[in-house]
Amino acid sequence: MKHAAQPWFEIADDCLRAGGRALTDLAATAGRTPFYVYDRAVMDRKVEALRRVLPAEIHLHYAIKANPMPEVVRHMLGLVDGLDVASAGELRTALGAGADPADVSFAGPGKTEEELEYAAASDITLNVESEREIEVLAAIAQRTGRKPKVAVRVNPDFELKTSGMKMGGGPKQFGIDAERVPEVLRRIGALPLEFRGFHIFSGSQNLRPEAIIEAQQKTVALAARLAQDAPAPVTLLNIGGGLGIPYFPGEQPLDLEPIAANLRALIPDIRRAMPGAEIVLELGRYLVGESGLYVCRVIDRKISRGQVFLVTDGGLHHHLAASGNFGQVLRKNYPVAIGNRMQGSEREIASVVGPLCTPLDLLGDRVELARADIGDLVVVFQSGAYGFTASPLGFLSHPAPIEIVV
Ligand SMILES: *Cc1c(COP(=O)(O)O)cnc(C)c1O
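Residues numbered from 1 in each chain as written. Predicted model: local features only at pLDDT ≥ 70, side-chain atom pairs only at ≥ 80, totals over all residues. Heavy atoms only, no water.

A. Expanded view of the packing of aromatic side chains. Following the criterion strictly, the structure yields 9 aromatic pairs and no others. Considering the side-chain rings of Tyr247 and Phe248, the 5.8 Å spacing of their centres and the 35° angle between planes classify their relative orientation as tilted. Assessed through its relative accessible area of 6%, Tyr247 is described here as buried. Looking at Phe248, the relative accessible area reads 13%, which means it is buried. Connected via pairs of aromatic rings, a cluster forms that spans Tyr36, Tyr38, Tyr294 and Phe388. Sitting over the face of the ring of Tyr286, Lys46 holds its NZ or CZ atom 3.7 Å from the ring centroid. Over the face of the ring belonging to Phe106 we find Lys111, whose NZ or CZ atom lies 5.4 Å from the ring centre. (Phe/Tyr/Trp six-rings, centres within 6.5 Å; stacked < 30°, edge-to-face > 60°. Buried < 20%, exposed > 50% of the residue type's maximum accessible area, 1.4 Å probe, protein only. Lys NZ or Arg CZ within 6 Å of the ring centre and 35° of its normal.)

B. Representation of the sheet that holds strand β2 (residues 15–18). Across the sheet, 3 strands lie side by side as β1-β2-β3; this open sheet has antiparallel pairing. In the strand order of this sheet, the two ends are held by β1 (11–12) and β3 (21–22), each with one partner. Sheet topology places β1 next to β2; 2 bridges connect them, and they run antiparallel. Bridging from a neighbouring strand, Ile11 pairs with Leu16 of β2. (Pairing = 2+ DSSP bridges. Helix = DSSP H or I, 4+ residues; strand = E, 2+ residues; numbered from the N terminus.)

C. Here's a closer look at the pairing of strand β8 (residues 125–128). Going residue by residue along β8, you find Thr125 and Asn127 tucked away on one face and Leu126 and Val128 tucked away on the opposite face as well. Bridge count between strand β7 (residues 104–106) and β8: 2 bridges; the pairing is parallel. By the bridge assignment, Phe106 is partnered in β8 with Leu126. As for the winding sense of the linkage, the β-α-β connection from β7 through helix α5 (residues 113–122) to β8 is right-handed. (Right-handed = clockwise from strand over helix to strand, strands pointing away.)

D. Spotlight on the domain arrangement of the protein. Each assigned domain of the protein is listed here: domain 1 (2–38 + 290–405) and domain 2 (107–283). Distance from the C-alpha centre of domain 1 to the C-alpha centre of domain 2: 36 Å. Between domain 1 and domain 2, the contact holds 8 residues from the first and 6 residues from the second. Taking both partners together, domain 1 and domain 2 bury about 780 Å²; carbon and sulfur atoms supply 64% of that area. Our count for the contact surface shared by domain 1 and domain 2 stands at 0 salt bridges. Residues that form the side of domain 1 that touches domain 2 fall into these classes: 3 nonpolar, 3 polar and 2 charged. (Domains from an automatic or database assignment. Contact = heavy atoms within 4.5 Å. Buried area = accessible area lost by both parts, 1.4 Å probe. Salt bridge = Lys/Arg side-chain N within 4 Å of Asp/Glu carboxyl O. Nonpolar A, V, L, I, M, F, W, Y, C, P; charged D, E, K, R; others polar.)

E. Molecular detail of the site of the ligand. If you check the shell around the ligand, you find 11 residues, and the closest are Lys65, Ser204, Glu282, Arg285 and Tyr386. Here a nitrogen atom of the ligand and a side-chain polar atom of Glu282 are 2.8 Å apart. Protein burial of the ligand: of its 390 Å² of free accessible surface, 91% is covered by the chains. Looking at the shell around the ligand residue by residue, the classes come out as 5 nonpolar, 3 polar and 3 charged. (Near = heavy atom within 4 Å. Polar contact = N/O pair within 3.5 Å; in protein donor to acceptor, adjacent residues only side chain to side chain. Areas by Shrake-Rupley, 256 points an atom, 1.4 Å probe, with all protein chains shown as cover.)

F. A look at the pattern of salt bridges. Summed over all chains, the structure comprises 22 salt bridges. The salt bridge involving Glu133 is made with Lys111; its shortest N-O contact spans 2.9 Å. Taken as a pair, Glu133 in helix α6 (residues 131–144) and Lys111 in the loop between β7 and α5 lie far apart in primary sequence, 22 residues in all. By relative accessible area, which is 1% here, Glu133 ends up buried. The exposure class of Lys111 is buried, given its relative accessible area of 1%. With a shortest N-O distance of 3.2 Å, Arg264 and Glu257 are connected by a salt bridge. With a relative accessible area of 41%, Arg264 lands in the partly exposed category. Classification of Glu257 as partly exposed rests on a relative accessible area of 40%.

G. Main features of unusual backbone geometry. In this model, Thr33 is joined to Pro34 through a cis peptide bond whose omega is -5°. Topologically, Pro34 is positioned in the loop between α1 (23–30) and β4 (35–38). One non-glycine residue, Gln205, lies in the positive phi region at around 50°. Accessibility expressed as a relative area gives 14% for Gln205, which makes it buried.

H. How the structure looks around helix α8 (residues 209–227). Taking 1.5 Å as the rise per residue, α8 with 19 residues should run 27 Å; its terminal C-alpha atoms sit 26 Å apart, in good agreement. For α8, the complete set of buried residues consists of Pro209, Ala211, Ile212, Ile213, Ala215, Gln216, Thr219, Val220, Leu222, Ala223, Leu226 and Ala227. On its buried face, α8 sits against β9 (149–155), α7 (181–189), β12 (194–199), β14 (236–238), α9 (256–273) and β15 (278–283). (Expected span 1.5 Å × (residues − 1).)

I. Local environment of the environment of Ala178. Topologically, Ala178 is positioned in the loop between β11 (176–177) and α7. Apart from residues lying up to four places away in sequence, Ala178 is in contact with Val154, Asn155, Pro156, Asp157, Leu222 and Leu226.

J. Spotlight on the nonpolar core. Grouped together as the largest cluster of nonpolar side chains are 107 residues, with contacts concentrated most on Tyr62, Val152, Phe198 and Leu287. No other element matches α8, which puts 9 residues into this core. Those residues in contact with Val152 that sit more than four places away from it in its chain are Val128, Ile176, Val181, Leu185, Ile188, Phe195, Gly197, Phe198 and His199. Counting residues in each nonpolar core, the second largest holds 22 residues, with Trp8, Ala22, Ala337 and Val379 among its members. (Core = buried A, V, L, I, M, F, W, Y, C linked by side-chain atoms within 4.5 Å.)

The following block contains the structure:
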């Protein structure tokens, strides 16, 4: 088996292992299938690889929406320099894990008054996404005597090219349009708010270093330009993230070296325009995506007009992304294997489906697998990010999968 994800996990006696234990053993520990298993050692290695090449000035933040399981967040907290949250619930998770409020920022459109109040009281940094948020925070400041910390999330005047998901450029619900920002900065200066800096996030899941480099160059140039209108020295520059992981056949792991070299070259520019700014790179899937496996069991084996279907107890209700229904335009297969028969004695082409009454419930469309039978374990790799958390767990009222950390 040659999956892009394969190098992270050992195989012994034809069985996949995670955290030094055979998958069959982990299934026994979980008590039932389906389950997600997240391997701390993979998270460690991902962060180590980044630290090895990135300039020391770059602070790494974990965007916890990728995987907000408290144990994962606690582990990541020990590895990175801060956490980024996107809701009051995530903020509770971050603070509950023991994060220092000085290293937590909260981005996301449509923050409610309650969320803004909670965030201000927690003394974290709010990445404001609209002029309304600024005014609400100013009213909170007047009422409480606290000075909320704010950074302006900027909707840039460029986008991250060939990204899995574009989060900036053109009309967007995210951030404040770059051309409006100078005026917004003047307004912030007149209010009882502590101005911290800028958050510029242009996209996600990118595997092309040239595109990431170009976006980072434009991000720094834009921030340097906006900094001229800042009401106070910039103490925080969040340059976004966007580093992707390989999911589909033919995709290669991202080459970090050119990205790191570009960042090294950009540091003097940042220092010149924004001396004293903490530079943050915020990553979700790059840090945790490869650490996770989704494991379900074959319940039935059917042959329909010559095509083999492995019907499992897992599916899109647990792992929407692997079914291809979370932002894919053309459906492609996540890497899939039979976890207790990685090679097997016989191979076949089979489709892996779930128990839901919809043809969308597909985890693998005609993939080459070891010949599997009822009771065998199907593994979906690259499942540590946007798996459990991004799935419609209530759909068809099956039990939610278990999550374990090894
Ligand atoms: C979702 C999100 C991230 C994380 O994206 P990944 O693709 O998981 O790295 C980072 N920053 C912001 C603002 C986000 O919305």
